[in-house]
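Residue-level structure breakdown
Spelled out, the chains give:
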Amino acid sequence: MSTLRLVPPVSFTSRGLRFAGIAIGGLALLVTTLVSAATGARAAVGSTECTGSQTVTYAPGLTDQPREVTVNGKAVLTGCVSSSDPTISQATSTFSATGTFSCTSGRRVGTRRIMWNNGNTSTLSSTTAVSVNGAESLVSIKGMVVDGEFKGAQWAGTFVMFSTKPQDCLTAQGLATASGPVVLSIGSL
């Protein structure tokens, strides 16, 4: 059989309360300093987010069967916000990639070049993967900025691919072009 022991209440003296307040204040200052240092390091790299639209062409066209394809495209990025460079508000982007690709799947590697409204450029390496959800193809892109503004930063993007002629995937010539919304994120990933 266990017995229950009551612990007498702890009494705080003004000296004990003062010490506890100093200790808590010091701990809060330490945590604030560490969080500020971590946030400062992140802010140095910063982030740039852009939204817009993208059009791509495929040669040869995409079919329902995977085959070697060269992809070229252009994006107009009208909604850019950058904590790294506040002069950035928009951009245009061109890219090319090659890989094994179909209307419903594929992977490819390539290069993207962004021309920012402030006159600077960025060259990005990219690896792309495609997944299909219903009638939409979602293209996931990731890579590194290899030259120009934001050099050394990681980047990622998504492109929702729509076609006005999805039936072209079932022809020998295949789907020649697609377009849709694109989102790009550089840094702080």
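Residues numbered from 1 in each chain as written. Predicted model: local features only at pLDDT ≥ 70, side-chain atom pairs only at ≥ 80, totals over all residues. Heavy atoms only, no water.

**Brief notes about the overall build of the protein chain**
Heads up, the condition is: In this description a helix means any DSSP run of H or I spanning at least four residues, a strand means any run of E spanning at least two, and both kinds are numbered starting from the N terminus. Exposure is judged per residue with a 1.4 Å probe applied to protein chains only, and the accessible area is read against the type maximum: over 50% gives exposed, under 20% gives buried, and values in between give partly exposed. Contacts are residue-level and defined by heavy atoms, with any inter-residue pair within 4.5 Å sufficient.
Scanning the protein chain for helices and strands turns up one helix and eight strands. Residue burial in the protein chain is summarised as follows: out of 189 residues, 32% are buried. Counted over contacts in the protein chain with a minimum sequence separation of 6, partners at least 24 positions apart contribute 54%.

**A short note on the side chain of Thr-63**
What counts here: Polar contact is defined as a pair of N or O atoms within 3.5 Å, subject to the rule that within protein one atom must be able to donate a hydrogen and the other to accept it, and that residues adjacent in sequence are counted only when both atoms are side-chain atoms.
You can see Thr-63 is positioned in the loop between strand E1 (48-62) and strand E2 (67-82). Owing to a relative accessible area of 8%, Thr-63 belongs among the buried residues under this scheme. A polar contact is formed between the side chain of Thr-63 and the backbone oxygen of Gln-65, at a distance of 2.9 Å. Discounting residues that sit within four places of it in the chain, Thr-63 has contacts with Ser-102, Cys-103, Cys-169, Thr-171, Ala-172 and Gly-174.

**Quick word on the state of the cysteines**
In plain terms, the rule: Put simply, a disulfide is two cysteine sulfurs that come within 2.5 Å.
Applying the stated criterion across every chain yields a total of two disulfides. The disulfide that involves Cys-50 links it to Cys-80, with 2.2 Å between the sulfurs. Its S-S torsion of approximately 115° makes the covalent link between Cys-50 and Cys-80 right-handed. Taken together, the residues Cys-50 in strand E1 and Cys-80 in strand E2 connect sequence positions 30 residues apart. Cys-80 carries the same exposure label as Cys-50, and that label is buried. Across the disulfide, Cys-103 is cross-linked to Cys-169 (sulfur-sulfur distance 1.9 Å).

**Some details on the packing of aromatic side chains**
Within a pair of aromatic rings, the relevant descriptors are the distance that separates the centres and the angle that separates the planes. Counted only if it meets this: Pairing of aromatic rings covers Phe, Tyr and Trp, the last through its six-membered ring, and needs centres within 6.5 Å; plane angles under 30 degrees mean stacked, over 60 mean edge-to-face, and all others mean tilted. Sitting over a ring, as applied to charges here, requires NZ of Lys or CZ of Arg to be within 6 Å of the ring centre and within 35 degrees of the ring normal.
Following the criterion strictly, the structure yields two aromatic pairs and no others. Across the ring face of Phe-101, the terminal group of Arg-108 is positioned such that the distance to the ring centre comes to 4.4 Å.

**Thoughts on the confidence of the model for the protein chain**
Applicable threshold: pLDDT measures the predictor's confidence residue by residue and takes values from 0 up to 100.
Chain-level statistics for the protein chain give a pLDDT mean of 78 and a share of 75% at 70 or above. The model gives residues 1-44 a pLDDT under 50, and that stretch makes two contacts with residues more than four places away or in other chains.

**Remarks on the environment of Thr-177**
Locating Thr-177 in the fold gives a position in strand E8 (residues 175-186). Through-space distance from the C-alpha of Thr-177 to that of Val-71 is 9.4 Å; in sequence the pair is 106 residues apart. If we skip the residues at most four places from it in the chain, Thr-177 touches Thr-55, Val-56, Thr-57, Tyr-58 and Ser-163. Polar side-chain contacts of Thr-177 include one of 2.8 Å to the backbone oxygen of Val-56.

**Overview of the pairing of strand E3 (residues 91-101)**
What counts, and what does not: At least two DSSP bridges between two strands are needed for those strands to be called paired.
Here E3 shows a buried face lined by Ala-91, Ser-93, Phe-95, Ala-97, Gly-99 and Phe-101 and an unburied face lined by Thr-92, Thr-94, Ser-96, Thr-98 and Thr-100. The pairing of E3 with strand E4 (residues 106-116) spans eleven bridges and is antiparallel. Across the sheet, Thr-100 pairs through a bridge with Arg-107, a residue of E4.

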